[in-house]
Amino acid sequence: MTSCRRNRKLTMAVSGCLIIAVMALTVGLCVGLGGDTDAPEEQQRFTIDHEANTFLLDGQPFRYVSGSFHYFRAVPESWRSRLRTMRASGLNALDTYVEWSLHNPHDGEYNWEGIADLVKFLEIAQEEDFYIILRPGPYICAERDNGGLPHWLFTKYPSIKMRTNDPNYISEVGKWYAELMPRLQHLFVGNGGKIIMVQVENEYGDYACDHDYLNWLRDETEKYVSGKALLFTVDIPNEKMSCGKIENVFATTDFGIDRINEIDKIWAMLRALQPTGPLVNSEFYPGWLTHWQEQNQRRDGQEVANALRTILSYNASVNLYMFFGGTNFGFTAGANYNLDGGIGYAADITSYDYDAVMDEAGGVTTKYNLVKAVIGEFLPLPEITLNPAKRLAYGRVELTPKLALLSTEGRAALSKGDPVEAIKPKTFEELDLYSGLVLYETELPSMDLDPALLKIDQINDRAHVFVDQELVGTLSREAQIYSLPLSKGWGSTLQLLVENQGRVNFYISNDTKGIFGEVSLQLHNGGYLPLENWRSTAYPLEQSAVELWRREHTDQKALDPLLARQRILRNGPILYTGSLTVAEVGDTYLNMAGWGKGVAYVNGFNLGRYWPVAGPQVTLYVPNEILKVGENSLMILEYQRVNKTATGEDLPAVQFDAVAQLDGESGDVPLK
């Protein structure tokens, strides 16, 4: 048992609890970091019985079977239906992260509306009869850009050390919590809400061993929780677990079906850190994450169900990560680097289907029914009728090329403003750019070799290289290609169009974006000449700007026919527009087979990145909630090539399917 944390107001201890004198004398509730006290009967308390090794909810033994669902991976109009489907499986708790970067996109700017309306999401969860496990990070990983940490921290503090006792970092976390935590007070279980647990950091033991930072974050979190919910940690079960253990904070672990045969060993590791209390697997993985250019990760449903039964047989509590995965809309998908001892950078796909218990559209799967049957062996199953959305195939939509990104009109429409001139290229962060593209331009010197090698120290993450707006090659962090030959006579202006494919989300180490080090050109004597005097132009590609251009240019003519018929986009990215006519609204999937790489928007909503030539994801999920009966706008910003039907007299095309395609590399077969 632990004692209550001291309130900053005048306090005195009475029988292990606090009496707070603020204008008048009132009796305070003392739940602490898992302790026991008397409280008013109308207030729920969530504590730990260290003798019976169980949670207590209002004094009664309690065990949760929870599912992860991140509000920022589904449109808000769908939240209730997703939650209801989860509750129908027998889950009695919901687990969700809080994404700092979503709510605080720029320094001093906060967003609590739409997909960022966290309080509304949590209130709907309460209405749907869930207890809530809140994971505010501030670092969340979650396969999100920068692990949920705002990009502008790098702009403001170029040498900041994330997830440490760095004064700049903890100062900004303090500001963020001062905005976040007061909004949640009515939701803590000790205040009559349903939030029973609040996480401190996230799998920290596997990252570092800075207990000064962890203790500070514990105290900063408890300053707002004030004993009204249980603080906890999650750590990977390995030799570094002790680095994540925080005094007076409840410890849990995480593991999937690949380690279920080690379950006794894992529980023993947890008991070595925390001898008593309930056993908890805070992330039991029914699926797994997927990167571009690899096979979609799948996990057998029966194996998942059997492993879940094994975990629950220990009277443990468990959270299934993910129960519903959803989608990394926009530019929110992250990346990994040197994952599991591998080499190099790998970007996460847009879909976060995760082979979870529910599919990306929130539907029931075979795995769902298997898991539900196991939950029903341990918890009562509610009687809930589900009304899933229809999944409809709307067929083929032809697209018209309307805007060349590197043209004068394209720069005016979609760039952030005038180019920034400097000796060295400016990073995305120096331009205060979350994602999208940056165009770097400089003049080439007279070349004394033909060809001469262009060499760049580091590109994060991918660059199309142009000379006088003619494509000459591609550089890639993933493929570790940082050089290419240039020939005399190609032109005078070197242009590097750099794409942010997602900041690293695991083992955060300041994954800033753009060009770093020297950009240099090979000389006859074997040396290299550094290229200087760069112009850096930012293209945020935010959905509001792209949609505004479409509305203001509905009557704009198509591009030059010769440019329009290009299969390989040799003069830079092109924005294509089209219209989808809908008689009945339903979920659908935008099939990008045959296209290259880019971003898609429906009715101004950024569906996310597509890259079917790399795979495995070929389709983008289109929620029914963003469609309407009648005409729906479609915009495709393609970076490198269009569907082969663009050759000859045909216009390029896409199609809308009723079934997702997440498991295969896209071929060149014409769309139906």
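None of these values were measured; they are calculated from a predicted model.

### Comments concerning the overall build of the chain
Helices and strands together make up the secondary structure of the chain, namely 12 helices and 35 strands. Relative to a compact globule of 672 residues, whose C-alpha radius of gyration would be 26 Å, the chain shows 27 Å and is just as compact. Out of the 672 residues belonging to the chain, those deemed buried represent 60%. Long-range contacts, defined as pairs at least 24 residues apart, comprise 77% of the intrachain contacts of the chain with a sequence gap of at least 6. Within the structure as shown, the chain displays about 25,500 Å² of accessible surface, and the carbon and sulfur contribution to it stands at 50%.

### Structural notes on helix α9 (residues 366-375)
For α9, every residue scored as buried is listed here: K367, Y368, V371, V374 and I375. Buried residues along α9 cover an arc of 125 degrees about the axis, so they all sit on one side. The elements touched by buried residues of α9 are β7 (65-68), α1 (79-88), α8 (301-312) and β14 (317-320). Where α9 begins, the side chain of T365 points an oxygen toward the backbone nitrogen of K367, at a separation of 3.3 Å.

### Regarding the pattern of salt bridges
Enumeration over the complete set of coordinates arrives at 36 salt bridges. Residue E201 pairs with R163 through a salt bridge whose shortest N-O separation is 2.8 Å. Residue E201 is found in the loop between β10 (195-199) and α6 (211-225), and its partner R163 is found in the loop between α4 (152-156) and α5 (167-180); the two are separated by 38 residues along the sequence. In terms of burial, E201 and R163 fall into one category: buried. Here R477 and D511 are joined by a salt bridge, their closest N and O atoms 3.0 Å apart.

### Side note on the UniProt feature "active site" (unreviewed entry) in the chain
Feature annotation in UniProt places "active site" (unreviewed entry) on E203 and E283, given in this structure's numbering. With the annotated positions falling across 81 residues, the maximum pairwise C-alpha distance of 10.5 Å places them together in a single cluster. With respect to the secondary-structure elements, E203 resides in the loop between β10 and α6. According to the relative accessible area criterion, E203 is buried, its value standing at 11%. Every residue in contact with E203, bar those within four places of it in the chain, is listed here: R163, V234, D235, I236, D254, E283, Y285 and F506.

### Observations regarding the packing of aromatic side chains
Overall, the coordinates contain 29 aromatic pairs when judged by the stated rule. With centroids separated by 5.9 Å and ring planes inclined at 85 degrees, the aromatic side chains of F46 and F62 adopt a geometry described as edge-to-face. With F46 in strand β4 (residues 46-49) and F62 in strand β6 (residues 60-62), this residue pair connects regions lying 16 residues apart in the sequence. There is no split in this pair, since F46 and F62 are both buried. Ring centres of Y285 and W288 lie 5.1 Å apart, and the angle between their planes is 85 degrees; on these two criteria the pair is classed as edge-to-face. On the basis of relative accessible area, Y285 is assigned to the buried category, the value being 12%. Each member of the aromatic cluster is reached from another via a ring pair, and the members are F46, F55, F62, Y64, Y131 and F250.

### Considerations on the domain arrangement of the chain
Segmentation of the chain into domains returns domain 1 (62-377), domain 2 (395-402 + 542-657) and domain 3 (417-539). Spacing between the C-alpha centres of domain 2 and domain 3 amounts to 27 Å. Tallying the contact residues gives 11 residues for domain 2 and 14 residues for domain 3. Overall, the association of domain 2 and domain 3 removes approximately 1,000 Å² of surface from exposure, summing both partners, and the carbon and sulfur fraction of that is 47%. Looking only at domain 2, the three residues that lose the most surface to domain 3 are N571, R609 and Y639, adding up to 44% of its buried area. Of the charged contacts in the structure, one is a salt bridge between E499 and K597, with a shortest N-O distance of 2.7 Å. Here the residues of the side of domain 2 that touches domain 3 are counted per class, giving five nonpolar, three polar and three charged.

### Focus on the side chain of K597
You can see K597 is positioned in the loop between β30 (588-591) and β31 (598-602). Take K597: its relative accessible area is 3%, and that puts it in the buried class. In contact with K597, other than residues within four places in its own chain, are R462, E499, Q501, Y610, W611, L637, E638, Y639 and Q640.

### A short note on the pairing of strand β24 (residues 483-486)
Here β24 shows a buried face lined by L484 and L486 and an unburied face lined by S483 and P485. Bridge count between strand β21 (residues 452-460) and β24: four bridges; the pairing is antiparallel. Across the sheet, L453 pairs through a bridge with P485, a residue of β24.

### A closer look at the nonpolar core
Core analysis: the largest hydrophobic core is formed by 97 residues, its most contacted members being M86 and L184. Not counting residues within four places of it along the chain, the set of residues in contact with L184 comprises L118, V119, L122 and L134. Counting 33 residues, the second largest nonpolar core, distinct from the first, contains L580, V582, A600 and V642.

### Quick notes on the sheet that holds strand β27 (residues 528-530)
Taking strand neighbours across the sheet as the criterion, the four strands line up as β24-β21-β26-β27 in an open arrangement whose pairing is antiparallel. Of all strands in the sheet, those with a lone pairing partner are β24 and β27, marking the two edges. Each neighbouring strand pair of the sheet contributes to a mean axis angle of 30 degrees, computed without reference to strand direction. As defined by bridge partners, β21 adjoins strand β26 (residues 514-522) across six bridges and the pair is classed as antiparallel. Paired with Q458 across the bridge in β26 is F516.

### Side note on the side chain of T96
Checked against the element boundaries, T96 lands in strand β8 (residues 93-97). Polar side-chain contacts of T96 include one of 3.0 Å to the backbone oxygen of F69. When near neighbours in sequence (up to four residues on either side) are disregarded, T96 contacts F69, H70, Y71, F121, L122, I133, L134 and R135.

### Details of the sheet that holds β31
The five strands are arranged β18-β29-β34-β31-β32 in an open sheet whose pairing can be described as antiparallel. Edge strands, defined here as strands with exactly one partner in the open sheet, are β18 (400-404) and β32 (605-610). Pairwise comparison of adjacent strand axes, ignoring direction, gives a mean angle of 25 degrees for this sheet. When strand β29 (residues 574-582) meets strand β34 (residues 630-638), the two strands line up antiparallel, connected through nine bridges.

What counts and how
Residues numbered from 1 in each chain as written. Predicted model: local features only at pLDDT ≥ 70, side-chain atom pairs only at ≥ 80, totals over all residues. Heavy atoms only, no water. Helix = DSSP H or I, 4+ residues; strand = E, 2+ residues; numbered from the N terminus. Rg over C-alpha atoms; globule rule 2.2 N^0.38 Å. Buried < 20%, exposed > 50% of the residue type's maximum accessible area, 1.4 Å probe, protein only. Contact = heavy atoms within 4.5 Å. Areas by Shrake-Rupley, 256 points an atom, 1.4 Å probe, with all protein chains shown as cover. Arc of directions from axis to C-beta. Polar contact = N/O pair within 3.5 Å; in protein donor to acceptor, adjacent residues only side chain to side chain. Salt bridge = Lys/Arg side-chain N within 4 Å of Asp/Glu carboxyl O. UniProt positions renumbered as here; feature names shortened; annotations may be inferred. Phe/Tyr/Trp six-rings, centres within 6.5 Å; stacked < 30°, edge-to-face > 60°. Domains from an automatic or database assignment. Buried area = accessible area lost by both parts, 1.4 Å probe. Nonpolar A, V, L, I, M, F, W, Y, C, P; charged D, E, K, R; others polar. Pairing = 2+ DSSP bridges. Core = buried A, V, L, I, M, F, W, Y, C linked by side-chain atoms within 4.5 Å. Axes fitted to C-alpha atoms, helices over the stretch in contact; angles between N-to-C directions.

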